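Structure assessment
Each chain, letter by letter, is given below.
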Amino acid sequence: MLNKTRREIMGAVSDYIDAIPKSITLYDIDVTPTKSRVHPNDVSLRTTIGPKKLNVPILGAPMTDVTGPMLAKALSVMGGCGILYRHPDVAVQLGWLADVLEHRWCMVQNPVSLKQTDRIDAAERILKHHGYSTIPVKDENGCLVGVLFTRDVAFKWHREDTVSKWMTPLAKLKTAIVGTRFTEIRERLLNEQDCSVLPVVDDSAQLHGMYFMKDVVHADPSENGGKPLVGIAVGVGEEDVERAMTAIRMGAGIVVIDSSHGDSHDVVLQAERLVTLSAPIGNVAIVAGNVADVDGGGYLRLAETGVHAVKVGIGSGSICTTTGQTGAGVGMVTAIRACIEARKKSNVRPAIIADGGINVPGDAVKALLVGADAVMAGKWLVAASESHSAIENGVHEGRVRYRGMASREAIAERMSDRYGKKKNAPEGVSGWVHHRGPLSQWLPEDMELVRGGMAHTGSADIGCLHRYGALCGAINRYTSLGRMQADVRVETN
Ligand code: XMP
């Protein structure tokens, strides 16, 4: 009898232990390469979040150190979307939104210019000082009369001549009329002969700005009705409804209800409100999160509110200490797959945004492969010269400061109520990230690596990648010793 009871107890314990789901992170897995006919250059990174189409599947995290107006502008040019962090002062956040929406992709407004009567030697000094190869020439009324190129100042014998004698005159220049859509400008700069620069003029030849081929070559903005695609983060309070609706009326493309625990009454309620109120205006994606569980329940509860995307990830961020400090967290692979499986049984199918721990191109490939439609990044993007930290705090010995939104520093400054206004105990840390320079100098390369990862799986687009990811064996797991061997094992500097 005693033996039987003992066996029953041990059996129950084993059942419980056996039923514990595995929590698999992005670092546990790798993508299994397969036969491919796809070249990385032919891979499309386009993705969709509700009514919004992104050319690259990357969103700037709404964190104080990450997404301010400068990063949002830079990301919009590259085809991604920055989510402006929830500044405590609504007017500041909405002011940034207005600023980003007015941003003319790659157009240099008020370019340095010359007068026709300037001398060539003076023009040469100006070109050298700014490191420019092209300068517009204006008359006294601000009208464009020509453009001077470095080749025009290359000879020594005409230095005392006036600029008007050596510039390319307006009649011989290619120009664009003010209001021309960026896609047309880009098309012309990339395809027309003798068109490395396009001055933008109105009917009376007033100069409004200049486009340069070198700036637009990597630019590939996402679709937002001709305006930069930019989003804002809001909270769950009543006052946040007004903040969100004003932003939507202004032209924000994405509104993110940002919470560290999205599977909660407040977030569901806020999602319902914003979905209902924004519906008559339309053309905006409502996103809520974050969720992470093992049965996709959190995803479904938010999906039922009608949101266009759910943000997935608790405990996986690079500055995040939630799992260590509170014990809560689910590996990103498990959390995403739980949403995918739950979605199969649902009529509502919002997109999935993987948020936290997507720090290099390979992380993005893995997150997309297991089922994410886009990724959100903090550490990855804070490295840019345009990140809010680089702009506000500067670059120190080649590094940029990066604070978790629940770090002691952030809490002290009350920079966000993502974790609740009464929060005192930190669930994040503050650190440093290597500065990588302007986004346009390195994000295209990183995206090339994402395309490369997708090409290894024979996937020409994210839809194909999802189908591959659903196959048995599409991902593989190293043992922890194997992982050590897979990582770089030489001193790299
Ligand atoms: P990455 O890895 O991209 O992560 O730097 C950014 C995401 O981490 C979340 N976040 C935090 N999580 N404590 C946390 O537990 C924090 O202080 C914290 N700050 C940000 C957030 O989802 C962000 O997008």
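Quick summary incoming for the structure in this document.

Thresholds, definitions, all that
Residues numbered from 1 in each chain as written. Predicted model: local features only at pLDDT ≥ 70, side-chain atom pairs only at ≥ 80, totals over all residues. Heavy atoms only, no water. Pairing = 2+ DSSP bridges. Helix = DSSP H or I, 4+ residues; strand = E, 2+ residues; numbered from the N terminus. Salt bridge = Lys/Arg side-chain N within 4 Å of Asp/Glu carboxyl O. Buried < 20%, exposed > 50% of the residue type's maximum accessible area, 1.4 Å probe, protein only. Patch = residues over 30% accessible without salt bridge, like charges linked within 9 Å, V, L, I, M, F, W, Y side chains within 5 Å. Areas by Shrake-Rupley, 256 points an atom, 1.4 Å probe, with all protein chains shown as cover. Near = heavy atom within 4 Å. Polar contact = N/O pair within 3.5 Å; in protein donor to acceptor, adjacent residues only side chain to side chain. Nonpolar A, V, L, I, M, F, W, Y, C, P; charged D, E, K, R; others polar. Phe/Tyr/Trp six-rings, centres within 6.5 Å; stacked < 30°, edge-to-face > 60°. Lys NZ or Arg CZ within 6 Å of the ring centre and 35° of its normal.

A few words on the sheet that holds strand β9 (residues 168-169). With respect to topology, four strands assemble into an open sheet ordered β6-β7-β8-β9, the strand pairing being mixed. Single-partner strands in this sheet number two, and they are β6 (114-115) and β9. Bridge analysis of β6 against strand β7 (residues 134-138) gives two bridges, and the strand direction is parallel. Pairing of K115 across the sheet is with K138, part of β7.

All right, on to the pattern of salt bridges then. If you walk through the whole model with that rule in mind, you get 22 salt bridges. Among the salt bridges present, the one from K311 reaches D355, with a minimum N-O distance of 3.1 Å. Of this pair, K311 sits in strand β16 (residues 309-312) while D355 sits in strand β17 (residues 351-355), and the two are 44 residues apart along the sequence. The buried category is assigned to D355, whose relative accessible area is 12%.

What follows is about a nonpolar patch on the surface. A cluster of nonpolar residues, I9, V13, Y16, I17 and I20, forms a patch on the protein surface that exposes about 540 Å² of accessible area. Topologically, I17 is positioned in helix α1 (residues 2-18).

What follows deals with the site of the ligand. As a structural note, the neighbourhood of the ligand is formed by 24 residues, with S318, T322, D355, Y402 and A406 the closest of them. Y402 has a polar side-chain atom sitting 2.6 Å from an oxygen atom of the ligand. Take A406: an N or O atom from its main chain is 2.6 Å from an oxygen atom of the ligand. With the chains in place, 96% of the 520 Å² that the ligand exposes on its own is no longer accessible. Class assignment for the residues of the shell around the ligand results in nine nonpolar, eleven polar and four charged.

Attention now goes to the packing of aromatic side chains. Within the structure shown, the criterion is met by three aromatic pairs. Measuring from centroid to centroid gives 6.1 Å for F182 and Y211, while their planes differ by 50°, and the two rings are tilted. In this pair, F182 sits in helix α6 (residues 182-191) while Y211 sits in strand β12 (residues 207-212), placing the two residues 29 residues apart along the sequence. Judged by its relative accessible area of 4%, Y211 is buried. Pairwise contacts between aromatic rings join W105, F182 and Y211 into one cluster. If you follow K214 out to its NZ or CZ, it ends over the ring of F212, 5.2 Å from the centre.

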